[in-house]
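Architecture and fold: a report
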Amino acid sequence: MCTSMACLLRDQHEQWRRGSERPLRSVKVFRCQLPRLNWFYPSEAPKEDGIGRSLVPGAALCSWCGTWKGEKVCSSCKRAHYCSAKHQVMHWRSGHKADCQQAIISSGSSDHIYNNGRQALERMNTVACKSLWREYEIICEDECPDMVDDDGSSTSLVCKDANVNEVYQSLSKSFEVDDDKKRWASFQERVIRAPEQVLRYCRDTKAKPLWPLSAGQPAKANIPKCSYCNGPLSYEFQIMPQLLYFFNVKNETDSLDWATIVIYSCSASCEDSSSVSYKEEFPWIQLYSSAMP
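Per an unreviewed UniProt entry, the chain goes by MYND-type domain-containing protein and derives from Acorus calamus.

Take a look at the structure:
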């Protein structure tokens, strides 16, 4: 996604477009899947060394973006890998030219040369692009299955707690006249059990997103069909606003902000006969009322 709030506002407007028009989205999500038996990964998880590190080396990733497989190699130092010629040029211009030369001569006898070369090699082992967000490991935890949902049904996923319910009741009484504020109080009551949660995932067909606001929710007609098999899309996961904290997003006028980003993907996880490995799915952006035009 683009890191500009102005682009996110335009994206939020584009998602309402339907029919033959192809919306221009600044938030994109892609699905890639493989069967258990495939040409790329073993059917069993690789063995570890006791501290979480794999004993089997993984594929070399692009030294610029750190995302795609780096099949191209720097012809000089033979250490930097790239997914494309474009990223190789960008890395060269951003400082790899000097690091590359330093790494080549680091075999010299001088301690100064050796230390400089070692520092250059360390820089090569880190992703060079400065516009990427930090990469984290997501720890997965299940919610308790026995709770009553906002509408009184029993499909919710979080346990009841007397103390939290008192807070919720107190907040609800204060927001009697505002649906958005009542919904926000309910949202807060739900996530307070795990304040650092950044993503909520549930592939059950009955699962629904946890909406922070009443306004800005999609109708069934707003969710398109799968562009590959023409089948229905269904809710799979949502990205929480807490993620902005971990990305160190500043509280400024054009700083990125959202209420939630909900991802709808093909219900059948379809596979087509084309060579498309990464299939684009549909994100729905819900912004806070004050941010919406």
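This part takes up the sheet that holds strand E1 (residues 29-31). Taken in spatial order, the five strands line up as E1-E7-E6-E5-E4 in an open sheet, and their pairing is antiparallel. Across the chains shown, the open sheet's two edge strands, defined by having one partner strand only, are E1 and strand E4 (199-201). Pairwise comparison of adjacent strand axes, ignoring direction, gives a mean angle of 30 degrees for this sheet. Pairing geometry for E4 and strand E5 (residues 233-239), over three bridges, is antiparallel. Bridge pairing in E5 places Arg200 opposite Gln238.

Looking now at the side chain of Ser26. For Ser26, the location among the structural elements is in the loop between helix H1 (5-14) and E1. Separated by 3.4 Å, the side chain of Ser26 and the backbone oxygen of Cys7 make a polar contact. Excluding anything up to four places from it in sequence, Ser26 contacts Met1, Cys2, Cys7, Leu8 and Asp11.

Bringing the packing of aromatic side chains into the picture now. As enumerated under the stated definition, the model contains seven aromatic pairs in all. Seen from their ring centres, Trp184 and Tyr288 are 5.8 Å apart, and the 75 degrees between their planes marks the pair as edge-to-face. Remark: Tyr288 occurs in the segment after strand E7 (279-286) and Trp184 occurs in helix H5 (residues 179-191); sequence separation between them is 104 residues. Cluster of aromatic residues (ring-pair linked, three or more members): Tyr136, Tyr245 and Phe246.

All right, on to the pattern of salt bridges then. Within this structure, the stated rule accounts for six salt bridges. Measuring nitrogen to oxygen at the nearest pair gives 2.6 Å for the salt bridge that ties Glu281 to Arg31. Placement of the pair is Glu281 in strand E7 and Arg31 in strand E1, with a sequence separation of 250 residues. You'll find Glu281 and Arg31 in the same group, each marked buried.

Most of strand E6 (residues 260-266) sits inside the fold, with seven of its seven residues counted as buried. As paired elements, E5 and E6 share six bridges and run antiparallel to each other. In the sheet register, Ile239 faces E6, and the bridge partner there is Ile261. Note: E6 against E7, five bridges, orientation antiparallel. Bridged to Thr260 within E7 is Gln286.

The next thing to look at is H5. Given a rise of 1.5 Å per residue, 13 residues ought to cover 18 Å, and the 18 Å separating the end C-alpha atoms of H5 matches this to within 8%. For H5, the set of buried residues is Asp180, Ala185, Ser186, Phe187, Glu189, Arg190 and Val191.

What counts as what
Residues numbered from 1 in each chain as written. Predicted model: local features only at pLDDT ≥ 70, side-chain atom pairs only at ≥ 80, totals over all residues. Heavy atoms only, no water. Pairing = 2+ DSSP bridges. Helix = DSSP H or I, 4+ residues; strand = E, 2+ residues; numbered from the N terminus. Axes fitted to C-alpha atoms, helices over the stretch in contact; angles between N-to-C directions. Polar contact = N/O pair within 3.5 Å; in protein donor to acceptor, adjacent residues only side chain to side chain. Contact = heavy atoms within 4.5 Å. Phe/Tyr/Trp six-rings, centres within 6.5 Å; stacked < 30°, edge-to-face > 60°. Salt bridge = Lys/Arg side-chain N within 4 Å of Asp/Glu carboxyl O. Buried < 20%, exposed > 50% of the residue type's maximum accessible area, 1.4 Å probe, protein only. Expected span 1.5 Å × (residues − 1).

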